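Structural overview for review
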Amino acid sequence: MGLYTTQRGNFDYVFRYSPPTGLYSWSVSLCYDETQESMFNAPEILENITGESGVSTAISYQNGNLVLGNPDDQTVEVYLSSQAFNGAFEGEFSKVNRLSPYDYVGASGFGSSLRMLNNLVFIGAPLSLSPDSTQTGAGAVFFHSRVGTGGHGATGSNSWGQAGVFTGDTASGYFGTSLSASTSNVSQIIGIGATGEISGSGAVHLYNSSSKSFVQKISPTGSDIERLGKSQAFVSQNGVSYIAIGYDQNDIGKVGIYKETEAGNNNYQSFQILSGENGAAGDLYGGSVFGFQGEFLVGAPNMGNSGQAYFYQFSNESGTFFKSQDLAPSNLATNDFFGKSVTFDTGFAIIGSNKNSGSAYVFNKQGGSWIEESHISGNEPSIDGAFAGNQNGSQSLVIDNRRIIAGTNGEKNSYVFTTGLVDVDDYTGLSFSGKDNKIYDSSGRFIYGYGPSESITISGGVFTGGYFSMYVNGNLCVSRSPREAGLGRTGALNDWSTSGLEDTLYYYFGIIN
């Protein structure tokens, strides 16, 4: 049995041996693919994270670090995930710090919005006074560093500390209402929504997260526009960055997409406008927006008086984003506010609602379409509809591989759900064998004959997609042959074993990745 660590993706292998004189049988199994999937068909609560009322009005997560915003208490709680033996983040969270605004008179709403980006957490405080204390509700965004020293604005043993603050300068501008971040360019950009600026039309300010320098102010175009920046999300396509920004026009929700004029230049111009087909005043379309790998999920929590979500993808043919699917469960009723919070990854989408005093629906992506899978809710509700955020749109849901993290609006609990990983397949993806001086492939086909005591070298590659190649003594015997249909797709080498080689004079097995 092999002692190699798991190899991911394509890899090469080589097996050498010197057989003894005589006829005998042997075999080598050198690629065990072990497929595991998160199956959220019956999510269970792993942990209740309890704090003060409002502890998870906004949440953000990155690389094992979880932050929970509490604007009622003007604090942000920092938690660190436990890890499995292989380093994967899983299990419960431990509190390591509490952040608060430091040396800023009139900070208010601290923790209303959050965005983790590398070693920083950006914290919206949209009700804050301006730095000169003359503009009420100008707003501010504080940023705390995980590796900072001094610990200003932080308690606990973990090395967090306030590193700076961006400020608004317009009365009732609500700078910090929403936050988003672009990670596609070398200079990573943080977007800050200010829904009350420009006489209530709103704006989004872009800053370089590394240099903390101002980059651009995105202002609305058109008439009767309100609350630009109520939500936002970045994605990237073909090296070019896009930002989707929610706003209202004549009280009908819309999402404006702004595109870089050139890849990496961080100069965004109006590109496309999205809206619901049956948009109406008060539909709250764009109340929540989430972007992942070039795709958007947009929530409209009052569309049709019950709510809806829309999934958008990018068309390389037209060069624009298009709606590929409407998402809504079959049991919605008036005032369920489905779509008040949204998130997704490659396999699952989680969409918040007020259904049953607050719940979130889990959708599984199957064959390119989102299929309703299950739903989750809190086990200690105290405020009707608090689970998964408020009805006007919020950042209250996170997917982290095998976990779902859900915040609440005004309650004392946030929840971590999990089902763990389910073993789907555990099988030998590739093997070869010898009998009576003949070599056979995984399917038992004869591929090579050799003489008594002749040294043999078998080598080749194992490829993602379920293919392998095989050379014997430098002769190509198998060229990109598929392994069994449905199996061996990951190319993962977890283990290897041999049989019948006990009397072999010499054998060696190695991998190259």
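Now for a description of the structure that goes with this document. (Residues numbered from 1 in each chain as written. Predicted model: local features only at pLDDT ≥ 70, side-chain atom pairs only at ≥ 80, totals over all residues. Heavy atoms only, no water.)

On to the side chain of Ser130, then. Secondary-structure assignment places Ser130 in the loop between strand S9 (120–125) and strand S10 (140–145). Side-chain polar atoms of Ser130 contact the side chain of Asp132, separated by 2.6 Å. Reaching out from Ser130, the side chain makes a polar contact with the backbone nitrogen of Thr134 at a distance of 3.3 Å. Non-local contacts of Ser130, meaning those with residues more than four positions away in its chain, are made with Tyr104, Gln135, Ala138 and Gly168. (Helix = DSSP H or I, 4+ residues; strand = E, 2+ residues; numbered from the N terminus. Polar contact = N/O pair within 3.5 Å; in protein donor to acceptor, adjacent residues only side chain to side chain. Contact = heavy atoms within 4.5 Å.)

Our next topic: the packing of aromatic side chains. The full count for this structure, using the stated rule, is 34 aromatic pairs. Plain terms: the ring middles of Tyr242 and Phe321 are 5.2 Å apart, the flat faces sit at 90° to each other, and that makes the pair edge-to-face. Here Tyr242 is found in strand S18 (residues 240–249), whereas its partner Phe321 is found in strand S24 (residues 320–327), with 79 residues between them in sequence. On the basis of relative accessibility, which here comes to 3%, the residue Tyr242 falls in the buried class. Taking relative accessible area as the criterion, Phe321 reaches 3% and is therefore assigned buried. Ring plane angle 70° and centroid distance 5.1 Å describe the contact between Phe314 and Phe321, whose orientation is recorded as edge-to-face. What makes Phe314 buried here is its relative accessible area of 15%. Its end group placed over the ring of Phe446, Lys438 keeps NZ or CZ at 5.8 Å from the ring centre. (Phe/Tyr/Trp six-rings, centres within 6.5 Å; stacked < 30°, edge-to-face > 60°. Buried < 20%, exposed > 50% of the residue type's maximum accessible area, 1.4 Å probe, protein only. Lys NZ or Arg CZ within 6 Å of the ring centre and 35° of its normal.)

Spatial ordering of the open sheet is given by S17-S18-S19-S20, a layout of four strands whose pairing is antiparallel. Lying at the two open borders of the sheet, with one neighbouring strand each, are strand S17 (225–237) and strand S20 (268–274). Direction aside, the axes of adjacent strands within the sheet are offset by 25° on average. Pairing geometry for strand S19 (residues 252–260) and S20, over six bridges, is antiparallel. Bridge pairing links Lys259 to Gln269 in S20. (Pairing = 2+ DSSP bridges. Axes fitted to C-alpha atoms, helices over the stretch in contact; angles between N-to-C directions.)

Another aspect to go through is the pairing of strand S27 (residues 359–366). Most of S27 is tucked away: six of the eight residues are buried. Sheet topology note: the strand S26 (residues 348–353)/S27 ladder contains six bridges and is antiparallel. Bridging from a neighbouring strand, Phe348 pairs with Asn364 of S27. By the bridge criterion, seven bridges tie S27 to strand S28 (residues 369–376) in an arrangement that is antiparallel. Residue pairing across strands places Lys365 opposite Trp370, the latter belonging to S28. In this structure, the hairpin formed by S27 and S28 is closed by a connection of two residues, where Gly367 is found at a positive phi of approximately 60°.

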